[in-house]
Structure formats: structure tokens, C-alpha cells
Amino acid sequence: MAIQKAGVYEKIMLSARKEFLEKGFTGASLRTISKNAGVTTGTIYSRFEDKTALFEEIVGEHAKKIVSIYNNGIDSYYNFNPEDKYSKMNDLTVDCISLMLDVIYGDYECSKILICSSKGTCYENFIHEMIQKEVDSTEDFARTMYKLGKIEDEENLDKGLFHMIASGFMSSFFEIVAHDMDRKVAERRIALLRKFYTGGWSCLFNVDIEHSGR
């Protein structure tokens, strides 16, 4: 097995991040990456099968961390009994968002590549896959509240509407990356965004979701 020269991996990563960030996955060139890293394309191919593998090396674990936090929140919600789904859902959402922000801002450049430069990769639908899970959990929440008698109008249990609302919220959430928001600014805006959507849900369902955990 060939001995890998110290520092080469780090140079490739720095160059690849810059190239993907500036040009996106489809526009990025391994030739440019190798040139800016001061190595040959052969050196890159000795470590990565192709451009896809290199992109995966950069964003893979980061994406898994974000999804894992979100999935853990969803799993926790489904493990609640019906009454807790109402009383604990709001606090669970706040905690989940805070943890996701920790990961996003822990490596903001990687988050930017994941959200803004992944067209042409398996991460192209990263946000949309989360939206679908949000829709399913929202439908479960709504039907649970209906069974508990907290929601009276069954016509509002509209999954198509839930998809529209969830899509708006999740897409807006990741605007913090698309528009390079400072974390403090992002936290304030997301808090207001949550207040806006929570007010909408409370009006639609005629339940006080904002104070459900208090």
C-alpha cells in the first residue's frame, strides 16, 4: 500500500470546498481542484473514486448529523402518548432547532455546500426529504388532536395543505444558509418564523399550540 503524503488530504479538501462552493457540484472541476491543491488529478483519484466520492467526503457526515438530529426529534414525537404529543411538541421543536443550528454553524461552509451546491448529487433533495417527514408527523399530530377533541373541523386534516405549509417552513429555515445569516440574526428570525407558523397552526386548528407545553 502506498504511503499517503502528509498534508495532501487537507490541501485537497480546502481546494475542493472552494471549488464546490463557487461552482456547485456540476460545475466543479477535478482538474481545477488538483491544480489549486498543488497535486495531480492522479493524486486525487488515488484517494477518491470520482468527483461524487470527493463531494461525499466533504458533506456526508455533516448531512448525517443534521438528519440524525431531525430524525431523533421525529422519533421522540412518535414515542409520546397522545396527550404528550400536544403538551411536549412545542418544546421538542425548539430543542431540535437549537441542535440543528449548532451543527449548521459548527461548519457553516460545509452547510453552504450541502444546501447550495449539491445539485447533481444524492443530496439535491436533502430539504425535500425532510419536508416529507415533517408532513407525515404534522398529519399524525393533527389526527391525534382531532381524536382528543382539540380539533373540531375534520376538513382541516388536509395532507396536501400540510405539505404546502411544511415546505414553506423548512425551505425558509434553510434560508439562513442560502443568505449567509449571522447566527444571532438567524436565531432571532427563526424564532419569529416559528411564532408566525405557530400562530397559523393555532388559528387553523383553534388550539393554543404556542403555550401547549406551559
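Quick word on the overall build of the protein
At step 1: Counting secondary structure elements, the protein contains 11 helices and 0 strands.
At step 2: By principal-axis analysis of the C-alpha atoms, the protein measures approximately 65 × 35 × 25 Å.
At step 3: For the protein, the residues scored as buried account for 44% of the 214 residues in total.
At step 4: Contacts spanning at least 24 positions in sequence make up 75% of the contacts within the protein whose residues lie at least 6 apart.
At step 5: Summed over its atoms, the accessible surface of the protein is roughly 11800 Å², and 52% of this surface lies on carbon and sulfur atoms.

Topic: empty space enclosed by the protein
At step 1: Within the structure shown, the criterion is met by 1 cavity of 30 Å³ or more.
At step 2: Size it by volume and the largest cavity reaches roughly 620 Å³.
At step 3: Forming the boundary of the largest cavity are 26 residues, of which Met89, Thr93, Glu134, Thr138 and Phe169 lie nearest the centre.
At step 4: Counting only elements with at least two residues in the lining of the largest cavity, the list comes to helix H4 (51-79), helix H6 (89-106), helix H8 (126-147), helix H9 (159-173) and helix H11 (183-205).
At step 5: Ranked by residues supplied to the lining of the largest cavity, first place goes to H6 with 7 residues.
At step 6: Across the lining of the largest cavity, the residue classes break down as 18 nonpolar, 6 polar and 2 charged.

Side note on the nonpolar core
At step 1: Core analysis: the largest hydrophobic core is formed by 66 residues, its most contacted members being Ile12, Phe20, Leu54, Met100, Phe126, Phe174 and Ile176.
At step 2: Considering every element that reaches this core, the biggest residue donor is H4, with 10 residues.
At step 3: In contact with Phe20, not counting residues within four places along its chain, are Phe25, Ala28, Ile33, Lys51, Leu54, Phe55, Ile58, Ile113 and Ser117.

Section: the confidence of the model for the protein
At step 1: On average, residues of the protein score 92 in pLDDT, and 95% of them are at 70 or above.
At step 2: Considering each helix and strand of the protein separately, the mean pLDDT is smallest for helix H5 (residues 82-87), with a value of 87, and largest for helix H7 (residues 108-116), with 98.

What to know about the pattern of salt bridges
At step 1: If you walk through the whole model with that rule in mind, you get 13 salt bridges.
At step 2: Here Glu61 ties to Lys64 by a salt bridge, and the two come within 3.6 Å at their closest N and O atoms. Residue Glu61 and its partner Lys64 are both found in helix H4; the two are separated by 3 residues, about one turn of the helix.
At step 3: Given the relative accessible area of 52%, Glu61 is considered exposed.
At step 4: One salt bridge in this structure joins Glu139 and Lys159, with 3.5 Å as the shortest N-O distance. You can see Glu139 sitting in helix H8 and its partner Lys159 sitting in helix H9, a full 20 residues away along the chain.

Some thoughts on a negative patch on the surface
At step 1: Together, Glu152, Asp153, Glu154 and Glu155 make up a region of like negative charge exposed at the surface.
At step 2: Within the fold, Glu155 resides in the loop between H8 and H9.
At step 3: Glu155 sits in the exposed class, given a relative accessible area of 69%.

Here we look at unusual backbone geometry
At step 1: The backbone of Asp180 shows a phi angle near 50 degrees, a positive value even though the residue is not glycine.
At step 2: Of the residues examined, Asp180 reaches a relative accessible area of 48% and is grouped as partly exposed.

Conventions adopted
- Residues numbered from 1 in each chain as written.
- Predicted model: local features only at pLDDT ≥ 70, side-chain atom pairs only at ≥ 80, totals over all residues.
- Heavy atoms only, no water.
- Helix = DSSP H or I, 4+ residues; strand = E, 2+ residues; numbered from the N terminus.
- Buried < 20%, exposed > 50% of the residue type's maximum accessible area, 1.4 Å probe, protein only.
- Contact = heavy atoms within 4.5 Å.
- Areas by Shrake-Rupley, 256 points an atom, 1.4 Å probe, with all protein chains shown as cover.
- 1 Å grid on protein atoms, 1.4 Å probe; cavity = no way out; pocket = protein on both sides within 12 Å on 5 of 7 lines; lining within 4 Å.
- Points joined across faces, edges and corners; volume = space filled by probe spheres on them.
- Nonpolar A, V, L, I, M, F, W, Y, C, P; charged D, E, K, R; others polar.
- Core = buried A, V, L, I, M, F, W, Y, C linked by side-chain atoms within 4.5 Å.
- pLDDT = per-residue confidence, 0-100.
- Salt bridge = Lys/Arg side-chain N within 4 Å of Asp/Glu carboxyl O.
- Patch = residues over 30% accessible without salt bridge, like charges linked within 9 Å, V, L, I, M, F, W, Y side chains within 5 Å.
- Lys, Arg positive; Asp, Glu negative; His and termini not counted.
- Charge placed at Lys NZ, Arg CZ, Asp CG, Glu CD.

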